[in-house]
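Summary of structural features
What follows is the residue order along each chain.
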Amino acid sequence: MTLETTADLTPEIVAGIASFAPQLLADLTPEHLLAMSPEAVAALPQDFLASLDPDLQAQLAQKAQAAAPAEQGEPGETLPLEWQAVGQAQGIELQRPEDLTPEIVQAVANFAPQLFETLTPDHLRRMSPEALAWLPETYTATLPDDVRAELDERAAPAGGLSAAWIAAQQAAEEMAKEAPPLSGAWVTPPEDGEPAQGPRFTTAADLINNGFAPTAADFLNLLVENGPPNAPQLLADLTPDVILWLAEHEENFLQNLSPAVLRMLSPEVLQALPEDFMASLDPALREELQAIASGEREVFIPEDTIARVNGQPAVVLTIYKENDANTVAVSHLVFDKLDELEAEYDALQFDVAFEQASFIEESISGVTREGLLGALFAIFVILVFLSGHGRDGRRIISWRSTLVTGVSIPLSVMMAFALMKWLPPAAHVVLNPLVDATRGVPLLGSLMHGIARLFPTNLTLNIMTLSGMTVAIGRVVDDSIVVLENIYRHIQRGEDQLEAVLTGTRDVAVAIFASTVTTVVVFLPIGLIGGLLGEFFLPFGVAVTYALMSSFVVAVTTIPVLTYMFIRKEHLPVEQETTLQRLYSRALHWALTHRAIVLVTAFVLFVVSMWLFSHRPRTFVPEMGEPEISVVVDLPSDYQMVDTLELVETFEERIADIEGLGIVRSTVGMGGFESIMFGGGVDQTRANVQIGVEDTERADELTAQVRAIANEVFGEENVRVSLGTASSGFGGFSLVLYGDPEVLADINDEVIATLEDIDGLANVSSNLSTGDTILRVDGQPAASFTGEIETDDAIGVTEKAIEAVRAIVPEGVTVTEGFDSRQQKEGFQQAGQAVLISIVIVYFVMVLTFHSLVDPFVILFSLPLATIGAAVALWLTDRVLGMSALVGMMMLVGIVVTNAIVLIDRVRKNRFVRGMNVYEALMEGGRTRLRPILMTAIAAMLALVPLALGVEEGAIIAAELATVVIGGLFSSTFLTLVVVPVVYSLVNRMKAEEVAQAGIGKPSPVPASLPEQ
């Protein structure tokens, strides 16, 4: 059994780990836990859940509620998950009490009697009489008298309750009386404080009645294959009397022993083996055993793995940090200690093969550097737009205005950091009682939990929060630009300084408040939806939200004060119509007189953008982090350590000449899942080679070269080669086929062959091909097929795979996504839902702001225009449509409407306050708001350019998001200036006609909340 991704953690496995190795649960990170299936989360023990962060507990509880309900039926129909885990580990199906054969009950009685405590009386009543007869008397004695009497009557055909177990115990006691005693490691207790590493038996009879395997020979073979580290010593301590007694009392005992077991027997035992048995062995093996028996050859018993780095023997140290420790800080402490040791010991040299600190530091420094560049670009845009010519014709550089606006960037960012630190704890003082009070209340409980998640207390300075700050930098100046530009115009007109500041700020306060709120509320769905989408992007959204909230406060407080103190009329260029305004006025006039052409053109462009989106590769999370090629070797059981090592050395030599590869780390001798859980020893037939990739652009090509060499050296059926990064766990492939077990077994090979023919899919396998039995998923017989996706189009590969498999399976077999693939699909669905929810929220915010249902609807027409530029930007940069791009689309919902809000707000005031008709209001509003709209849009786009062009691997998520926002903002800005006025004119003409027909001579008056001027 192999556990590689969270998809391998079935509910049965989780229950098994909780029962037999609960310490392994501590290694699961929040990302692992949230990536697990709802059914697996539901199987986590309560004491482990209680040790987690409260926010994480709440998310997991919500996820566990989504677990598929158990099949309805009679009580006790399904066995506890612990039993199912045992069955899955042993390759047998244990789903119902009827599956418990006498042999299984006997094995559990010897191996894991604690499992009986999980059975209910209903389970016991459904067991066969023969199985009941094997229940341990030590367990049945604890049952209530009435239950024990009922079960004893049911087990009467087999002699009664626990009858077979009692008879076996008596027979074992009789056999033990004449059996030779065991010695050495078999009976030596562990030293104080050390855990037992294997079973403790007293006589040879205990090897027959071992409880682990049906026979003594099978048990000894199992010790070598998956036993404890002291298995070689246990075999060496078997005496000739024990072996000969077992050969006499167990049929074909010697013949069933594996060559590996025979090699580990002591020379005295080998000398005592019957001659007819030795003659029946393979000549090479017989010669080898005779050499061991005579002392001519010493048996090599591996006690540890062999580690190699770049072809040289090495000792590999793997250092883990505590869960709450800082990765970078711990790494630097380790580096310092290594330097100290190298300085102290001249012959000692350390080479760091893999560490995460450098990647994190480079990513954070890259995002920070790109954020600073973006801030400089934004300030430059402000300087260009606010500069002009004075009355004497000389050029005036508005550096005062630029500095006043530029202050909003550092001030907003610092305020955001302060909010990140102090606001969540304060908010939870109020929210936690409300969450507790509404827990379990439909809708309201989920709403309060979602709101509480919007104030995470565990925010740190990481890639996502810094990316959020960087993305916000271009937007935090928007409010300040609009306020300053409006004050700027009033001062240019010669108004009193104080009056100009007050009027200019008041005039746009509602508009910038609405635009800020619409930008912020788009992140509300992330908190409400939760899951991986929320866990991944919530820190990003919170950082943006805090920065924009701060920017609004700065815009309506600090900017007016600084403007009043430092800017005078003589510092400003003369107000006059610019060339850009004249060109725009002509374009707008043409658009208003050719509305059909404008709308048809916009619709065609929108359709083209949808086509571009549909042809982009789709993946949940793009590959990020240092790529590494993994080579997993599993040779036939007759290979010894020296044989495996020789093949690994050959492989290392073959790949040494490939340019673009980095450090090669090899480990010969591995342990499987059983060894992890139960303390297994060294498996001589297994090896693992980890190969660094220096030329990341050729990662896929290098992986193909390494795979070809590995197949030649180890044999294609004995090796698996894959390429992985830090985000590989989010892009796995899995399919589940439901149907008749015999049919699934028959088509297994054909399905694997079909999947292997799909481009971008590698290392395909199924639970049937690895020797496991049919699974049961949601109560139905099923087979699981997994693989590794080696392309950017993870969703596309999955869709092709499902289509190809459905074309070959017979009728009655259902093909669906497995957990990995379903998780990606659901992630996209969640993102789509979040975008739709954010549009609805933005609409209602605008309704409350404008006291109108129609004008916000007009503003929403700017949203389809954003998809045009976003699609073209992804296509030009050849970037994937992933979760980060979809979160970028969500951000665009809030960002692009701000331009339309500023424009329509001015148009409404022109109509309702200044008495203009629709055409005049649109023309004047367009000319007046052209400069602030272009300033905010261009500043935001240029601020994101460094991030979009960022080459740091860690910033690739922010880079894709920035690409979408830049493209969407570009198209929406220029098309909004034309399309939105056209839609507004159509809607309001229709309203005017309806009002005229009703006998009212003019449009409705302005709402009282709108300021007059």
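Structure's up top.
A short tour of the structure in this document, coming up. (Residues numbered from 1 in each chain as written. Predicted model: local features only at pLDDT ≥ 70, side-chain atom pairs only at ≥ 80, totals over all residues. Heavy atoms only, no water.)

Turning to the overall build of the protein, a few remarks are in order. In terms of helices and strands, the protein carries 43 helices and 13 strands. Contacts in the protein between residues at least 24 apart in sequence constitute 76% of all its contacts with a sequence separation of at least 6. (Helix = DSSP H or I, 4+ residues; strand = E, 2+ residues; numbered from the N terminus. Contact = heavy atoms within 4.5 Å.)

A separate point is the pattern of salt bridges. By the definition in use, this model includes 21 salt bridges. With its nearest N and O atoms 2.8 Å apart, the salt bridge here joins E98 to R126. Highlighted residues: E98 in the loop between α6 (81-90) and α7 (102-111) and R126 in the loop between α8 (121-125) and α9 (129-132), separated in sequence by 28 residues. The partner of R698 in a salt bridge is E701, with the nearest N and O atoms 3.2 Å apart. (Salt bridge = Lys/Arg side-chain N within 4 Å of Asp/Glu carboxyl O.)

It is worth spelling out a negative patch on the surface at this point. Taken together, the side chains of E716, E717, E756, D757 and D759 make up a negatively charged region of the molecular surface. Here D757 lies in the loop between α36 (741-756) and β10 (761-766). (Patch = residues over 30% accessible without salt bridge, like charges linked within 9 Å, V, L, I, M, F, W, Y side chains within 5 Å. Areas by Shrake-Rupley, 256 points an atom, 1.4 Å probe, with all protein chains shown as cover. Lys, Arg positive; Asp, Glu negative; His and termini not counted. Charge placed at Lys NZ, Arg CZ, Asp CG, Glu CD.)

In terms of nonpolar packing, the biggest core is built from 138 residues, with F540, I859, M891, L892 and I901 touching the most fellow members. Top contributing element to this core by residue count: helix α41 (residues 883-912), with 18 residues. With residues near it in sequence (within four places) discarded, I901 still touches A511, A514, S515, T518, M846, F850 and I859. If you look at the next biggest cluster of nonpolar residues, it comprises 41 residues, including A205, L238, I243 and V269. (Core = buried A, V, L, I, M, F, W, Y, C linked by side-chain atoms within 4.5 Å. Buried < 20%, exposed > 50% of the residue type's maximum accessible area, 1.4 Å probe, protein only.)

To continue, consider the side chain of S766. In this structure, S766 sits in strand β10. We classify S766 as buried; its relative accessible area is 3%. A distance of 2.5 Å separates polar atoms of two side chains, one belonging to S766 and the other to N748. In contact with S766, other than residues within four places in its own chain, are N748, I752, S784 and F785. (Polar contact = N/O pair within 3.5 Å; in protein donor to acceptor, adjacent residues only side chain to side chain.)

A word on helix α42 (residues 918-948). The largest bend along α42 measures about 45° and falls at R929, with the proline P932 one to four residues further on. Counting buried residues in α42 gives 24 out of 31 residues, a clear majority hidden from the surface. Sitting at the head of α42, N917 places a side-chain oxygen 3.2 Å from the backbone nitrogen of Y919. (Bend = angle between axes of the 7 residues up to and from the residue.)

All right, on to the pairing of strand β12 (residues 780-789) then. Among the 10 residues that make up β12, 7 are buried, leaving the element largely enclosed by the rest of the structure. The sheet contact formed by strand β9 (residues 733-738) and β12 spans 6 bridges and is antiparallel. From the neighbouring strand, V736 faces β12, where its bridge partner is S784. Of the pairings in the sheet, the one linking β10 to β12 comprises 4 bridges and is antiparallel in character. The residue of β12 that forms the bridge with S766 is F785. (Pairing = 2+ DSSP bridges.)

Let us look at the packing of aromatic side chains. Given two aromatic rings, one states the distance between the centres and the angle between the planes to describe the pair. Under the counting rule described, the total for this entry stands at 7 aromatic pairs. Pairing F651 with F714 gives two aromatic rings, centres 5.5 Å apart and planes at 50°, and the pair type is tilted. Of this pair, F651 sits in helix α33 (residues 641-655) while F714 is found in helix α35 (residues 699-714), placing the two residues 63 residues apart along the sequence. You'll find F651 and F714 in the same group, each marked buried. Geometrically, the ring pair formed by F857 and F861 is edge-to-face, given 5.3 Å between the ring centres and 90° between the ring planes. Accessibility expressed as a relative area gives 32% for F861, which makes it partly exposed. In this structure an aromatic cluster arises from ring pairing among W83, F116 and Y139. (Phe/Tyr/Trp six-rings, centres within 6.5 Å; stacked < 30°, edge-to-face > 60°.)

Positive phi, normally seen in glycine, also occurs at N252, with a value near 55°. One can find N252 in the loop between α16 (240-249) and α17 (259-264). Non-glycine residue N310 carries a positive phi angle of around 55°.

Its 16 residues give helix α40 (residues 862-877) an end-to-end C-alpha distance of 24 Å, which sits within 8% of 22 Å, the value for a rise of 1.5 Å per residue. For α40, the full list of buried residues reads S862, L863, L865, A866, T867, I868, G869, A870, A871, A873 and L874. Looking one or two residues past α40, D878 carries a phi angle of roughly 55°, positive in sign. (Expected span 1.5 Å × (residues − 1).)

So, about the environment of V471. One can find V471 in helix α26 (residues 463-492). For V471, a relative accessible area of 5% translates into the label buried. When the C-alpha positions of V471 and A543 are compared, they lie 9.5 Å apart, and in sequence the two are 72 residues distant. Ignoring anything within four residues of it in the chain, the contact list for V471 reads F540, M891, L944, L947 and L961.

What follows is about the packing of α26 against α42. The N-to-C vectors of α26 and α42 enclose an angle of 155°; their axes lie 9 Å apart at closest approach. By the criterion of interaxial angle, the relationship of α26 to α42 is roughly antiparallel. Considering how the two elements wind past one another, α26 and α42 form a crossing that is right-handed. Each residue belonging to the contact of α26 with α42 can be placed in one class, and the counts come to 13 nonpolar, 6 polar and 5 charged. (Axes fitted to C-alpha atoms, helices over the stretch in contact; angles between N-to-C directions. Parallel < 35°, antiparallel > 145°, perpendicular 65-115°, else oblique. Left-handed = near helix turned anticlockwise from the far one by under 90°. Nonpolar A, V, L, I, M, F, W, Y, C, P; charged D, E, K, R; others polar.)

Our focus in this paragraph is the pairing of strand β5 (residues 628-634). The buried count for β5 comes to 5 of 7 residues, which makes it a mostly enclosed element. Pairing of β5 with strand β8 (residues 719-724) involves 6 bridges; the strand directions are antiparallel. Along β8, the bridge assignment pairs I629 with L723.

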